[in-house]
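Structure assessment
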Amino acid sequence: MFNNYLTSAIRFLKRNKLFTGINILGLALALAASFIILLFVINELSYNTGFKNRKQIYRVLNYNVDVKITDDGSPYVLTKSIKDEFPQVKYVSPTKNLNNFSIKLNEEFVPVRNAVATNSEIFKIFDMPVTGQQENILDEPNSIVLSKEQSQKFFPDEDPIGKDLVAQVNDKEEVFVVKGVFDDIPVNSTLQADCFINDKWALEQLNLRIKDKNAETSWRYLYWQTWLLLDKNAITASLEEPFRVLEEKVYGEEDYYDFSVQNLPDVYLGSQEINSGFPKGNLKNIRIFSAIAVLIIIVAAFNYIILSTAASTGRAKEIGIRKTNGANTQSIRKQLLTESVVLSMLVLPVAALLAWQGKPYAEELFQTKLLIIQSNIAIYIIINLVLTLFIGLASGLYTSSFLSKLNVISILNNSVKTGKRKSRVRFALIVVQLVIFCFFVSSTLIVRSQYKFALNKNPGYYNEDILFVNMGLNSQNSLAFITNIKAYPDVISAGGAIEALPMINFWPYPMELPDDKSKKVPIELLAVDFDFIETMGIQVLEGRNFSREFSDTETSYILNEKAVKALGLTDPVGKKIDVVDGTVIGVVKDFNLHSIHKDIPPLLLIASDDFAMQVAIHHKPGTLGNLLPLIKTEWEKVAPGQPFNYKTIEEFKKEIYAEEKNLNVIISISALFSLLIASFGLFGVTLFSVKSKTKEIGLKKVFGSSEKGIVFSFLRTNFVLVVIASLFSIPVTILVMSRWLSNFAFKTDISWWLFAITFVLAAAVVLLTVLWHSFRASRINPVEALRYE
C-alpha cells in the first residue's frame, strides 16, 4: 500500500516540476538555515553532558559581600576544610591553570596550553577513563597525567606510562614521571586539560608573586577553582550551614565572602552574572536563534500549503477520477500526505549540502566554531530528521484534508470553486508570512540603529584618532615607550592605563562612607598614568589632573561625579577617603567606563607610571598610516621579538559590540530567507488566481475593462495584505525589541520611520512579485479566455 502511495507521489512531483522546484528551493533554504541554528543550539545545550555523574558535580562560588559580585575563585585551603568538615562531600579537588608550562620535545620546549595543577581526586570527580595508575595518581610531586593527544605528541606509538618527561615550570627545568593517560576531554566541557600535574607547582608559582608566600594557607587569595562530588543522597541545601560556620571561623566579623555551589550542568549557561575565566554560553542568544529558526520553518510550511492549494486546480480531475473508481477520502488523504513527506525528504540532502556550505559563514556570525561533536552526532541526525518529517506532515495535513474532500460531481462538471473560506485561509497564511518578514526587517533596523548608536555615542572621551597598543608582558617598559613616541610631531599626547576604554573587566573596591564607617559602597578602580586623562580627553570638572610636578603618588585620587554622589561628598577636592588614607585631588565628568550595556559606575582613578598594560596614543587626524611604522620601531626598541598588537578605538568598540553587529546580520539573512520563501508563495497564489479567474478576466475585457484596471485589481488585493501584515507586525516588534533594548543602560528610540521603511520594502517586494503574472493576465485574449477550462 505504501509503495503505491510513494509511486503516485513521485509521479505527481515529476509531472509538476514547477511546483516541485519552487517547494524544494523554499524548503531547502528554510531547512539549511534551521540546521545551522540547530547545530549551534545543540552544541550549546549539550555542554558538560560528557560526564555521567555531572548532576553530582559542583563548583564552589564566592559572593563578595562588600562589592556584591560573585566569582568562581576560592582559596586553596578551602579544599582541606571541606574534606574535614563536610561529610556530604565525597571528593574535592582544587584546580588552577599553570602559566608558561612547556614540555621538552626534540631538544625544544613545546608550550602546553592547558596544564592544570590539581590533586588525585579530580579523576574521581570527573569520570575520565584513565590508563595507568588508578589510585593516588598525582600524589607524588613530579607526577604527570597526559591526555591521549599529548601522549601521541610526546610518545608517538609508544606506551608512555612510567617514562620521564622534562618540563619547564616556574622558569626551571623539572623531570616528571608519566603516571597515566586520560581520554581527551570533550570540547564542549568547562574543564579542559592537556595534562594534570601536582598542585604544588601552582602554589609555588603563586608564592613567587605574593609577598606573604602563604598561598597554601591564606584565605585571602582566591586563585583556585574548587570542584566537589556530592554523595548521591546529599542535597545542596545541606552545605549552607557548614559554609556559614566556616566563614565565621576564618573571616570572623569581617564576613568578606559567602561561599555557595553551582551544579556542573548549570555552569556554562548559568554564569552570565559570575566572574569566571571559563567559557560562558548565552541563553538569550539560544532563545533568539531558536525563535528565528521556528519562524523560518513556519514561513516554509505555510509556503508549502499555499503552493499546494494553488496547484490543486490541476489535480481536481485526477482526484475526481480516482474517487469515481472507488478511492475513498482516507486513501486520497494518505496519498497527498505521502507526497508532502516525500517532498520534504527529497529536500533533506539539498538542505544538508547548503548548510554545510554555509557553515563557515555562520561561524563568523556566531563568533564560534560550529563543531560536529562526535557524541552529538546521533542527536543531530535524529533532530534534523524529525524536523524534516514534521515539516512534511504539518505542511501536508491541511492540503490533504482540503483536496481529499473535493466533490466528485463538481470536479467532473469542471466547476471546482476555491470558495471564500479557502481563499481566506490562503490569504491568512500569506499575511502571517508577511508579518514574520516585516518583524525581521523592523528588528534588523532597530538592532542596526542601536549598533550605530553604540559606535557613535559620545562616551565622555575622544571617540576617534586614538590608538591603543597592548603592552602585554612589557608593561614595565611602558614609560620609556610612551616617552619615545611623544617625540613624534603627529602624536598629540600619549598615556597608559591598566585597560583600554571602554573597559571589559571590572575592578570593584568596597569603600567606606566618609560620614559612616559602618557602611560601604562599591566603587570601581581604574589605574592610569599621569597623561592618560589628558590623552583620552576626559574632562576635569574640579581640582586638577594627575601631575608629576605635584609628585602625585598612589594616595592621590580622582573621582567621577557618580563616586562623589555615592560617597556623599560636598566640596570633595582635598577630602580624605578610605583608600590607604588617600586624598581627592580632582573630579572628572562621568564617562562610559564600560560598554553601553552598563550604566556609568562610581569610579576612582589611581595614578602610577609602573603598570600600563594599554598605551593610548592620541594622534593628529589622517596621520595613522604614516605613524604606525614609527610606533612599531619604538616598540621593537622596548620589546624586541615581541608581537606588536594594536587597535584603533573604533576597532576596539566594534569588537565590544560584535554581538549586536552579528545579530543584525543574522536577522537580516533571516529576513532575506523569509522574503524569498514568501515570494514563492505569492508567486504560486498569483499563478493560481490567474488560472482560476481566466474566464472572469475574459468577460471583464469583453465588457470594456482595460489592461491597467485588471493589473490594478491584482495589485490592490496584495497591497491590502501588506497593509494588514505591517499593522500586525508593529506591536509584536515593539514588544520583542523593547525587551531586547532593556539589556542596554543607554539605548536608541524605536522610531516610526523604521516601520515606514519596512512597509515600503514589503509593499515593493510583494507588488513586484505579483506584477508579472497580473500583467500577463491582463493581456489574455478574451476569445481564448472564454474557451478556457
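Residues numbered from 1 in each chain as written. Predicted model: local features only at pLDDT ≥ 70, side-chain atom pairs only at ≥ 80, totals over all residues. Heavy atoms only, no water.

Some words on the overall build of the protein
A tally of helices and strands in the protein yields 24 helices and 25 strands. Across the 789 residues in the protein, those meeting the buried criterion constitute 52%. A separation of at least 24 residues holds for 79% of the contacts in the protein among residues at least 6 apart in sequence. A total of about 37600 Å² of accessible surface is found on the protein, and carbon and sulfur atoms cover 57% of it. (Helix = DSSP H or I, 4+ residues; strand = E, 2+ residues; numbered from the N terminus. Buried < 20%, exposed > 50% of the residue type's maximum accessible area, 1.4 Å probe, protein only. Contact = heavy atoms within 4.5 Å. Areas by Shrake-Rupley, 256 points an atom, 1.4 Å probe, with all protein chains shown as cover.)

Observations concerning helix H15 (residues 478–485)
Given 3.6 residues per turn, any residue in an α-helix points the same way as the ones three and four places further on. Taken together, the buried positions of H15 are occupied by Ser478, Phe481, Ile482 and Ile485. Summarising the axial view, the buried residues of H15 lie within an arc of 95 degrees, below the 170-degree limit, and thus occupy one face. On its buried face, H15 sits against strand E15 (466–470), strand E16 (491–497), strand E24 (614–619) and helix H18 (624–638). (Arc of directions from axis to C-beta.)

Remarks on unusual backbone geometry
Omega for the bond connecting Leu501 with Pro502 falls within 30 degrees of zero, at 0 degrees, which places this linkage in the cis form. Its identity is not glycine, yet Glu107 carries a phi of approximately 70 degrees, on the positive side. Within the fold, Glu107 resides in the loop between strand E4 (102–105) and strand E5 (108–111). Of note, Asp571 is a non-glycine position whose phi angle comes to about 50 degrees, a positive value. Locating Asp571 in the fold gives a position in the loop between helix H17 (561–566) and strand E21 (576–577).

Section: the side chain of Gln150
With respect to the helices and strands, Gln150 occurs in helix H5 (residues 148–154). Gln150 sits in the buried class, given a relative accessible area of 5%.

Observations regarding the pairing of strand E8 (residues 143–147)
Most of E8 sits out of view: 5 of its 5 residues are buried. Burial along E8 is two-sided: Ser143, Val145 and Ser147 and Ile144 and Leu146, pointing in opposite directions, are all buried. The sheet contact formed by E8 and strand E10 (residues 172–182) spans 5 bridges and is parallel. Within E10, the position partnered with Ser147 by the bridge is Phe182. Judged from the 3 bridges that link them, E8 and strand E11 (residues 195–198) form a sheet pairing that is antiparallel. For Val145, the partnering residue across the bridge sits in E11 and is Phe196. (Pairing = 2+ DSSP bridges.)

A closer look at a positive patch on the surface
On the surface, a cluster of positive charge is contributed by Arg448, Lys452, Lys654 and Lys661. The topology assignment puts Arg448 in helix H14 (residues 419–456). (Patch = residues over 30% accessible without salt bridge, like charges linked within 9 Å, V, L, I, M, F, W, Y side chains within 5 Å. Salt bridge = Lys/Arg side-chain N within 4 Å of Asp/Glu carboxyl O. Lys, Arg positive; Asp, Glu negative; His and termini not counted. Charge placed at Lys NZ, Arg CZ, Asp CG, Glu CD.)

Looking at the packing of aromatic side chains
For the structure shown, the criterion picks out 23 aromatic pairs. A ring pair is formed by Phe40 and Phe289, whose centres lie 5.3 Å apart and whose planes are at 75 degrees; its orientation type is edge-to-face. One end of the pair, Phe40, is in helix H2 (residues 17–45); the other, Phe289, is in helix H9 (residues 283–310), and 249 residues separate them in sequence. Assessed through its relative accessible area of 6%, Phe40 is described here as buried. Of the residues examined, Phe289 reaches a relative accessible area of 6% and is grouped as buried. Each ring, one from Phe481 and one from Trp635, has its centre 6.0 Å from the other, and the planes form 85 degrees; the classification is edge-to-face. Taken as a pair, Phe481 in helix H15 and Trp635 in helix H18 lie far apart in primary sequence, 154 residues in all. Accessibility assignment for this pair places Phe481 and Trp635 in one class, buried. Grouped by ring-pair contacts, the aromatic residues Phe51, Phe126, Trp227 and Phe278 constitute a single cluster. Seen from the ring of Trp201, Lys200 lies directly overhead, with NZ or CZ sitting 4.3 Å from the centre. The ring of Phe746 has Lys457 lying over it, and the distance from NZ or CZ to the ring centre is 4.6 Å. (Phe/Tyr/Trp six-rings, centres within 6.5 Å; stacked < 30°, edge-to-face > 60°. Lys NZ or Arg CZ within 6 Å of the ring centre and 35° of its normal.)

Quick word on the side chain of Asn62
Within the secondary structure, Asn62 sits in strand E1 (residues 57–64). The class for Asn62 is buried, based on a relative accessible area of 1%. A polar side-chain atom of Asn62 sits 2.4 Å from a polar atom in the side chain of Asp71. In this structure the side chain of Asn62 is engaged in a polar contact, spanning 2.5 Å, whose partner is the backbone oxygen of Gly73. (Polar contact = N/O pair within 3.5 Å; in protein donor to acceptor, adjacent residues only side chain to side chain.)

Side note on the packing of H15 against H18
How two helices sit against one another is set out by the angle between their axes and by the gap between those axes. Across the interface, H15 lies against H18 with an axial gap of 10 Å and an inter-helix angle of 150 degrees. Judged by the inter-axis angle, H15 sits roughly antiparallel to H18. For the pair H15 and H18, the sense of crossing is right-handed. Taken together, the residues of H18 that come into contact with H15 (itself represented by Ala480, Phe481, Asn484 and Ile485) are Ile631, Glu634, Trp635 and Val638. A per-class count over the contact of H15 with H18 returns 6 nonpolar, 1 polar and 1 charged. (Axes fitted to C-alpha atoms, helices over the stretch in contact; angles between N-to-C directions. Parallel < 35°, antiparallel > 145°, perpendicular 65-115°, else oblique. Left-handed = near helix turned anticlockwise from the far one by under 90°. Nonpolar A, V, L, I, M, F, W, Y, C, P; charged D, E, K, R; others polar.)

Observations regarding helix H19 (residues 649–656)
Taken together, the buried positions of H19 are occupied by Ile649, Phe652, Lys653 and Ile656. Taken around the axis of H19, the buried residues stretch over an arc of 95 degrees, which confines them to a single face.

Side note on the pairing of E11
Bridge count for strand E6 (residues 115–118) against E11 is 4 bridges, and the pairing is parallel. Residue pairing for E11: Thr118 is matched across the bridge by Asn198.

Notes on the nonpolar core
If you look at the biggest cluster of nonpolar residues, it comprises 106 residues, and the most contacted ones within it are Phe366, Leu501, Met536, Phe546 and Leu605. With 16 residues, the top contributor of residues to this core is H14. Aside from chain neighbours lying at most four places away, what touches Phe366 is Ile36, Ile37, Phe40, Phe289 and Ile666. By size, the runner-up hydrophobic cluster in this structure holds 26 residues, among which are Leu146, Val169, Val178 and Leu203. (Core = buried A, V, L, I, M, F, W, Y, C linked by side-chain atoms within 4.5 Å.)

Focus on the environment of Asp183
Positionally, Asp183 belongs in the loop between E10 and E11. Setting aside its immediate chain neighbours within four residues, Asp183 contacts Pro129 and Lys148. Side-chain polar atoms of Asp183 contact the side chain of Lys148, separated by 3.2 Å.

What to know about the confidence of the model for the protein
Confidence in the prediction for the protein averages 81 pLDDT; 83% of positions are at 70 or higher. Segment residues 785–789: pLDDT under 50, and 12 contacts once partners within four positions in sequence are set aside and those in other chains are kept. (pLDDT = per-residue confidence, 0-100.)

Side note on the pattern of salt bridges
The full count for this structure, using the stated rule, is 18 salt bridges. The closest approach of N and O atoms between Lys124 and Glu135, which form a salt bridge, is 2.9 Å. Taken together, the residues span a long stretch of sequence, with Lys124 in helix H4 (residues 122–125) and Glu135 in the loop between strand E7 (130–132) and E8 at a distance of 11 residues. Here the salt bridges share partners, and the residues they tie into one network are Lys172, Glu174 and Glu204.

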